[in-house]
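Chain by chain, the residues run as shown.
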Amino acid sequence: MATSATSGTTRQPARLSELAPGLTAAFVREALHRAIHGIGPLPPAAKAADKQLREQKGNVDKAIHEVIENHVRYAGAQGFLTNLGGLATMAFTVPTNITGLALVECRMVAGIAHLRGYDLTDPRVKNAVLVCLLGEESVFDLVKDQKLPAPPMALATAPAHDPWLDQVVCAEVASDLVTKIAGKRLAGTAGRRIPFVGGFIGAGADGYATWRIGRYADRELLPLARR
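Owing to the predicted nature of the structure, the values given are computational and were not obtained by experimental measurement.

### Points about the packing of helix α2 (residues 25-37) against helix α6 (residues 123-132)
Right, on to step 1. With their axes 11 Å apart at the nearest point, α2 and α6 run at an angle of 105 degrees to one another. In terms of orientation, α2 and α6 fall into the roughly perpendicular class. Contacts between α2 and α6 involve V28, R29, L32 and I36 from the former and K126, N127, V129 and L130 from the latter.
Right, on to step 2. The residue makeup of the contact of α2 with α6, split by class, is five nonpolar, one polar and two charged.

Given below as structure tokens:
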């Protein structure tokens with residue numbers, strides 16, 4: 001019985017991987033680059049975070065709270081739009097959903113890191129931002145299994161950058177994104193037969209996942225002296 005459940009779970013991400021063939025380590029790194037440097041109407045993560053800091057009159061904790069809340073709304077909006085069509089449009093919306101969620105979550109965590117005094121041009125910090133996307137439980141398991149050397153803050157403040165870690169981190173995040181979307185699609189299969197309901201399922205799932213990651217990054221990335 002356990003074997004059947006496992007194989008079913010395994011097949012679902014595999015199908016989603018086929019729907020999003022570009023979801024590779026390079027894709028994750030590009031999402032982070034666009035989040036940090038800005039894309040389209042979205043300004044760079046640090047610039048957006050500094051705006052929140054000004055609005056909160058220099059209160060870093062309040063600014064971080066606003067950064068999280070804003071990105072939860074962004075995640076919910078893209079989750080709603082990319083799940084409106086239900087099962088019939090899955091082939092078109094899965095890649096968009098994954099891309100949107102990766103960009104929003106990278107931008108949120110990068111903004112938090114910036115406000116806490118981390119240098120977003122530092123490759124160690126970039127890896128720490130990406131590892132935050134995995135969530136606290138997954139990071140704990142990966143460190144325990146020695147698949148990651150340390151949690152995000154330790155990576156960000158490591159004595160030296162390990163280039164080998166770049167590929168490992170990106171691969172883990174890419175896999176996690178596929179699994180995350182697969183779980184959401186599987187849980188909402190019945191609702192997705194009614195397109196409008198699928199939009200609400202997507203909005204709630206993506207918004208909640210982004211909120212959890214934001215809270216984790218807030219706890220994990222302790223303040224450094226701001227440059």
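### A word on α6
Right, on to step 1. Counted residue by residue, α6 has seven buried out of 10 residues, so it is predominantly covered.
Right, on to step 2. Every buried residue belonging to α6 is among V125, N127, A128, V129, L130, V131 and C132, and all of these are buried.

### Let's talk about the side chain of H71
Right, on to step 1. In this structure, H71 sits in helix α4 (residues 60-81).
Right, on to step 2. Residue classification places H71 among the buried residues on the basis of a relative accessible area of 5%.

### Thoughts on the pattern of salt bridges
Right, on to step 1. For the coordinates displayed, the defined rule picks out seven salt bridges.
Right, on to step 2. Across the salt bridge formed by E136 and R219, the nearest N and O atoms sit 2.7 Å from each other. On the criterion of sequence distance, the pair formed by E136 in helix α7 (residues 136-144) and R219 in helix α10 (residues 195-220) is long-range, its members being 83 residues apart.
Right, on to step 3. With a relative accessible area of 39%, E136 lands in the partly exposed category.
Right, on to step 4. Judged by its relative accessible area of 45%, R219 is partly exposed.
Right, on to step 5. Here R212 makes a salt bridge to E137, at a shortest N to O gap of 2.8 Å. Highlighted residues: R212 in helix α10 and E137 in helix α7, separated in sequence by 75 residues.
Right, on to step 6. Taking relative accessible area as the criterion, R212 reaches 39% and is therefore assigned partly exposed.

### Overview of the nonpolar core
Right, on to step 1. Within the largest apolar cluster, 54 residues are counted, with the highest numbers of intra-cluster contacts made by V109, L130, L148 and V173.
Right, on to step 2. No other element matches helix α5 (residues 90-115), which puts 10 residues into this core.
Right, on to step 3. If we ignore the near neighbours within four places in the chain, the residues touching V109 are V129, C132, L133, I213, A217 and L221.

### Comments concerning the environment of R29
Right, on to step 1. With respect to the element layout, R29 can be found in helix α2.
Right, on to step 2. Of the residues examined, R29 reaches a relative accessible area of 25% and is grouped as partly exposed.
Right, on to step 3. Among residues more than four places away in sequence, those in contact with R29 are K126, N127, L130, D166 and C170.
Right, on to step 4. Within the structure, the side chain of R29 is placed 3.0 Å from the side chain of N127, a separation counted as a polar contact.

### A short note on unusual backbone geometry
Trans is the common state for peptide bonds, and a negative phi is the common state for residues other than glycine.
Right, on to step 1. A positive phi angle, near 55 degrees, is found at K57, a position not held by glycine.
Right, on to step 2. In this structure, K57 sits in the loop between α3 (45-55) and α4.
Right, on to step 3. Residue Q146 is not a glycine yet carries a positive backbone phi of 60 degrees.
Right, on to step 4. Its location among the elements puts Q146 in the loop between α7 and α8 (152-156).

### Section: the packing of aromatic side chains
Right, on to step 1. Evaluated as defined, the whole model comprises one aromatic pair.
Right, on to step 2. Ring centres 6.1 Å apart and planes at 20 degrees place the aromatic pair Y208 and W211 in the stacked group. Note that Y208 and W211 are positioned in helix α10 at a spacing of three residues, about one turn of the helix.
Right, on to step 3. On the basis of relative accessible area, Y208 is assigned to the partly exposed category, the value being 49%.
Right, on to step 4. The exposure class of W211 is partly exposed, given its relative accessible area of 37%.

Scoring rules and cut-offs
- Residues numbered from 1 in each chain as written.
- Predicted model: local features only at pLDDT ≥ 70, side-chain atom pairs only at ≥ 80, totals over all residues.
- Heavy atoms only, no water.
- Axes fitted to C-alpha atoms, helices over the stretch in contact; angles between N-to-C directions.
- Helix = DSSP H or I, 4+ residues; strand = E, 2+ residues; numbered from the N terminus.
- Parallel < 35°, antiparallel > 145°, perpendicular 65-115°, else oblique.
- Contact = heavy atoms within 4.5 Å.
- Nonpolar A, V, L, I, M, F, W, Y, C, P; charged D, E, K, R; others polar.
- Buried < 20%, exposed > 50% of the residue type's maximum accessible area, 1.4 Å probe, protein only.
- Salt bridge = Lys/Arg side-chain N within 4 Å of Asp/Glu carboxyl O.
- Core = buried A, V, L, I, M, F, W, Y, C linked by side-chain atoms within 4.5 Å.
- Polar contact = N/O pair within 3.5 Å; in protein donor to acceptor, adjacent residues only side chain to side chain.
- Phe/Tyr/Trp six-rings, centres within 6.5 Å; stacked < 30°, edge-to-face > 60°.

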